Amino acid sequence: MTKKTISRFFGFALLVSATLLVLAIIGLILFDLLAKGSSAFSWHFLTSFPQKGMTEGGIFPAIFGTTIVTLLSTALAMPLGIGCAVYLQEYAADNNLTRLIRASVRNLAGVPSIVYGLFGLSIFVEGMGMGVSVLAAGCTLGLLTLPSIIATTEEALRNVPRLSREGSLALGATPWECVYTVVLPSAVPGILTGLILALSRAAGETAPILFTGVAFYSRYLPGSVFDEFMALPYHLYILSTQHHAIEAVRPLAYATALTLLLLVFLLNLTAFWVRARHKR
Amino acid sequence: MEKIKLDVQALDLFFGKKQVLKNIHLSIPEGKITALIGPSGCGKSTLLRSINRLHDLHPDARLMGKILLDGHNILHRNTNVVHLRRRVGMVFQKPNPFPMSIAENVAYGLKINALCSKSEMRARVEQSLRNSFLWEEVADDLDKSALELSGGQQQRLCIARAIAVEPEVILFDEPCSALDPISTAKIEELIMGLRGKFTQVIVTHNMQQAQRVADYTAFMYLGELIEFGETRQIFEKPQQELTKNYVSGHFG
Ligand SMILES: Nc1ncnc2c1ncn2[C@@H]1O[C@H](COP(=O)(O)OP(=O)(O)O)[C@@H](O)[C@H]1O
Ligand SMILES: [Mg+2]
């Protein structure tokens with residue numbers, strides 16, 4: 001064997017082992033979660049309230065809370081994010097100001113989520129008087145997902161071929177008609193994929209809702225957007241660190257983690273399905 | 001002499017510092033088919049796209065000179081571009097149907113320009129599809145996605161879409177370059193069928209095509225308009241040495 005084929009062989013082996021290692025780690029995590037959580041995981045677990053100081057029962061209010069807060073955050077962030085992306089990509093002149101705005105948005109995506117939490121506390125909870133509530137948490141999570149929604153939407157818009165735009169303009173469409181009737185519909189799969197990924201990130205965040213809306217325990221589902229709520233990631237945190245009988249509730253904690261993972265997995269599957277459906 | 005529909009006067013065009021069109025003078029007669037020929041990169045598409053101001057999308061592009069449409073300079077800053085593009089339709093090199101149904105594609109221009117009522121829409125769509133020889137093939141599939149059509153059908157759909165809004169001028173930028181010979185023949189027949197109804201300008205690199213369809217031909221070379229005249233004259237008795245070399249295939 002020449003030197004070159006040897007080094008090529010080792011390079012290849014290195015890449016393969018790196019991939020296998022990553023797969024093994026993922027497999028291990030899943031296996032661990034399943035092994036320790038499946039005993040507590042049941043239909044009853046998914047659909048009932050916690051009982052006896054959260055040592056028994058289920059996590060329904062947490063599933064409910066995470067779902068509505070995530071949906072609310074998306075409902076708030078989607079129009080803003082898409083609007084902003086359309087402006088930046090389709091209307092804003094390509095100058096330094098636009099580039100500065102774009103860079104700031106990109107940097108916002110790197111701000112630690114606990115900072116969003118503090119910001120939400122001071123602006124939404126206190127400043128705007130929303131109180132610790134579904135609404136304040138939804139706004140905070142919405143802000144958190146905004147940068148990534150803007151970035152993925154811009155990307156999706158950029159990928160719409162110039163020829164499609166020109167086809168529309170050449171028929172006498174105004175720039176807005178062109179965007180609205182041709183560019184946005186063509187970008188839908190990309191936008192939706194980004195949206196769902198943002199959503200699944202929001203579903204798993206703890207820090208932004210910590211000061212803004214999540215409750216340690218609540219006997220009722222939130223009756224309005226001004227109520228507190230329970231959430232899966234925070235419930236998991238409580239069960240694994242703050243509970244008076246941590247060892248006893250381990251299976252519950254694992255089952256909660258499993259639920260959260262399933263939820264995120266389902267969202268990602270939806271993204272995948274949306275993209276596949278639009279490819280045809 | 002026939003009426004001049006489009007009059008290009010002393011047109012210069014720069015992309016940044018690069019001059020792509022040099023002092024173009026060209027008078028395009030109404031209702032006729034005018035071919036633009038020339039080696040690739042000589043500025044044919046660029047000239048064509050000046051006529052419906054598609055360069056507006058390009059911040060780099062600078063145009064000087066005049067293009068008169070019925071005597072009005074469309075390069076003037078006060079020109080309503082949206083209105084201009086309704087009057088001057090365009091068919092592109094690659095078919096670019098919208099990701100919508102066949103009927104919606106044809107109705108698109110009618111809808112956004114509010115050119116007819118909802119009840120007339122169906123008839124206008126059908127008429128445009130008939131005029132572009134596509135009706136027989138798609139009559140039962142009007143609600144199917146336009147993206148499912150073959151390349152040749154898509155291009156005829158794009159022509160149907162363009163003629164639906166009844167423009168005065170239609171610009172074709174190498175409309176057959178992505179098509180097989182049979183589809184090409186259909187498109188040529190279609191273009192010739194529209195002679196008289198519209199003023200048509202067609203860019204082509206195919207000299208046989210120019211001779212088959214065009215009443216007039218303009219030969220461009222390196223951003224300049226070298227010669228313009230009746231198609232027969234350009235191909236049989238070219239006045240310029242360059243034109244002669246190009247049309248006889250001895251180039252370089
Ligand atoms: N957007 C652009 N920016 C810079 N140069 C361009 C642009 N579009 C075309 N050109 C240049 O202009 C010249 C003419 O191009 P084009 O009109 O497309 O030629 P043709 O259609 O005759 O093949 C080419 O040299 C091309 O590189
Ligand atoms: Mg060209």
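Residues numbered from 1 in each chain as written. Chains lettered and ligands numbered in written order. Predicted model: local features only at pLDDT ≥ 70, side-chain atom pairs only at ≥ 80, totals over all residues. Heavy atoms only, no water.

## Comments concerning the interface of chain A and chain B
Each side of the interface is counted separately: chain A has 17 residues, and chain B has 23 residues. Carbon and sulfur atoms supply 67% of the area that chain A and chain B bury against each other, a total of about 1,600 Å² over both sides. If you sort the residues of chain A by the area they bury against chain B, A:L163, A:A170 and A:L171 come out on top, with a joint share of 38%. Our count for the contact surface shared by chain A and chain B stands at 1 salt bridge. For A:E166, the salt bridge is made with B:R49, and the minimal N-O distance between the two is 2.6 Å. In this structure, the connection of chain A to chain B is made through 5 residue pairs in polar contact (both at pLDDT 80 or more). Broken down by secondary-structure element, the contributors of at least two residues to the side of chain A that touches chain B are α7 (162-169) and α8 (175-204) of chain A. A per-element tally of the side of chain A that touches chain B places α7(A) first, with 7 residues. (Contact = heavy atoms within 4.5 Å. Buried area = accessible area lost by both parts, 1.4 Å probe. Salt bridge = Lys/Arg side-chain N within 4 Å of Asp/Glu carboxyl O. Polar contact = N/O pair within 3.5 Å; in protein donor to acceptor, adjacent residues only side chain to side chain. Helix = DSSP H or I, 4+ residues; strand = E, 2+ residues; numbered from the N terminus.)

## Some remarks on the confidence of the model for chain A
Averaged over every residue, the pLDDT of chain A is 90; the share at 70 or more is 99%. Least confident of the elements in chain A is strand β2 (residues 56-57) of chain A, whose mean pLDDT is 80; most confident is helix α6 (residues 134-158) of chain A, at 95. (pLDDT = per-residue confidence, 0-100.)

## Quick word on the packing of helix α4 (residues 118-131) of chain B against helix α6 (residues 151-164) of chain B
Residue and element names in this part refer to chain B. One can describe the packing of α4 onto α6 by two numbers: an axis separation of 8 Å at closest approach and a directional angle of 125°. Considering the angle they form, α4 stands oblique to α6. In terms of crossing hand, the pair formed by α4 and α6 is right-handed. Contacts between α4 and α6 pair R124, S128, L129 and N131 from the former with L157, A160, I163 and A164 from the latter. In terms of residue class, the contact of α4 with α6 is made up of 5 nonpolar, 2 polar and 1 charged. (Axes fitted to C-alpha atoms, helices over the stretch in contact; angles between N-to-C directions. Parallel < 35°, antiparallel > 145°, perpendicular 65-115°, else oblique. Left-handed = near helix turned anticlockwise from the far one by under 90°. Nonpolar A, V, L, I, M, F, W, Y, C, P; charged D, E, K, R; others polar.)

## Focus on unusual backbone geometry
All names here are of chain B. For A114, which is not glycine, the phi dihedral falls at a positive 50°. Looking at where A114 falls in the secondary structure, it is placed in the loop between α3 (102-112) and α4. Positioned with a positive phi, E166 is a non-glycine residue whose angle comes to about 50°. Turning to its location among the elements, E166 is positioned in the loop between α6 and β7 (169-173).

## Some details on the site of ligand 1
Residue and element names in this part refer to chain B. Around ligand 1, a shell composed of F15, K18, V20, S40, G41, C42, G43, K44, S45, T46 and H58 is seen. Measuring from a nitrogen atom of ligand 1, one finds a side-chain N or O atom of H58 at 2.8 Å. Burial of ligand 1 by the protein amounts to 66% of the accessible area it has alone, namely 560 Å². No other element matches the 3 residues that helix α1 (residues 44-51) contributes to the shell around ligand 1. Of the residues in the shell around ligand 1, the class split is 3 nonpolar, 6 polar and 2 charged. (Near = heavy atom within 4 Å. Areas by Shrake-Rupley, 256 points an atom, 1.4 Å probe, with all protein chains shown as cover.)

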